[in-house]
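# Examination of the molecular architecture
Here is how the chains run, residue by residue.
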Amino acid sequence: MSYADVEGLSVALDGAALRVTFDRPDRRNAIDDVMMQGLVDTFTAAATDEQVRVIVLAGNGDHFCGGADIVARNAAKDAPRPRAGAIQRRLPVQAHHLIPLVCEIQVPVVCRVQGVAAGIGFSLALAADFTIAADDARFWEPFATRGFSADSGATSLLPRRVGEVRARELLLLGRELSGAEAAAWGAIHAAVPTGDLDRALADLADRLAAGPTVALGLMKWLLHAGRDAPLDQHLRNEAFALELSSRTEDFREGLAAFREKRDPNFAGK
């Protein structure tokens, strides 16, 4: 499967890793409508691409993502005023379509965060399976300081990661978190010195890309579905996932490696 760059977004398949990079460094990699559609299209395509075993989301330049580019959307002074309800019509096919794609796609998603991760940039870091940040990165929910309410799943993802008390501090008071604080709060996987960021990301992405892709994807599904499912339904889901994963080539390889006392060589099938 081929992947196309769009303006402000670079997409490249590198072996088993799909590398998706925000590329508007002069705008702190703020996401405009073209980039948003590119992200939705990329994750939709990757969901059925057998070559993809890990997705790496990063930002070019000094920052990960400064949020949605609201300034660009409202820059044209002579543009006709949108009809009432424009936001609630747009979000379900843009940001509110992207975040569930990141959460539910059955391959691991890893974020690399340097500089600012604000608004939807913060939400993407929360939705990813693993986020590794520079310890001096800045995570910020700017909504209240700009006079409007949060979107991109922030009011759902944050309480689940850091608890309601801390989520209120971030959302209602607009507190910024450093990368080190975000890791200590459990909002992200890890924070490392800036000079170690690329190595830490590569080690994790390589490990996930070499893993049993079907089993990892099913466990990711179980983690998300299990948040709201009653126990009996969740146990049925676990049985279903185990049935599927135990039919894979990687399951047979894992058993063989155990018997032969060696590391497994998973093919992602």
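Being a predicted model, the structure only gives us computed values, none of them experimental.

## Notes on the overall build of the protein chain
- Helices and strands together make up the secondary structure of the protein chain, namely 13 helices and nine strands.
- Here the C-alpha radius of gyration of the protein chain, 19 Å, is about what a compact globule of 269 residues would show, namely 18 Å.
- Seen through its C-alpha atoms, the protein chain measures out along the principal axes to roughly 70 × 40 × 40 Å.
- Among the 269 residues that make up the protein chain, the fraction classed as buried is 43%.
- Once the 30 positive and 36 negative side-chain charges of the protein chain are each reduced to a mean point, those two points are 4 Å apart.

## Digging into the nonpolar core
- Among the nonpolar cores identified, the biggest contains 67 residues, and Phe-22, Ile-55 and Phe-139 are the most heavily contacted of them.
- Considering every element that reaches this core, the biggest residue donor is helix H10 (residues 197-209), with seven residues.
- Contact partners of Ile-55, with chain neighbours within four places excluded, come to Leu-18, Val-20, Phe-43, Ala-46, Ile-105, Val-107, Pro-108, Val-109 and Val-110.

## A look at the environment of Gly-38
- Tracing the chain through its elements places Gly-38 in helix H1 (residues 33-46).
- A sequence separation of 138 residues divides Gly-38 from Glu-176, and the C-alpha atoms of the two residues are 28 Å apart.
- Not counting chain neighbours up to four residues away, the residues in contact with Gly-38 comprise Val-6 and Leu-9.

## Some points on the pattern of salt bridges
- In the structure shown here, the tally under the stated rule is 15 salt bridges.
- When the shortest N-O distance is used, the salt bridge between Arg-168 and Glu-164 registers 3.3 Å. In this pair, Arg-168 and Glu-164 both sit in helix H8 (residues 164-172), four residues apart, roughly one turn of the helix.
- Several salt bridges share partner residues, and in doing so they unite Arg-24, Arg-27, Asp-32 and Asp-69 into one network.

What counts and how
Residues numbered from 1 in each chain as written. Predicted model: local features only at pLDDT ≥ 70, side-chain atom pairs only at ≥ 80, totals over all residues. Heavy atoms only, no water. Helix = DSSP H or I, 4+ residues; strand = E, 2+ residues; numbered from the N terminus. Rg over C-alpha atoms; globule rule 2.2 N^0.38 Å. Buried < 20%, exposed > 50% of the residue type's maximum accessible area, 1.4 Å probe, protein only. Lys, Arg positive; Asp, Glu negative; His and termini not counted. Charge placed at Lys NZ, Arg CZ, Asp CG, Glu CD. Core = buried A, V, L, I, M, F, W, Y, C linked by side-chain atoms within 4.5 Å. Contact = heavy atoms within 4.5 Å. Salt bridge = Lys/Arg side-chain N within 4 Å of Asp/Glu carboxyl O.

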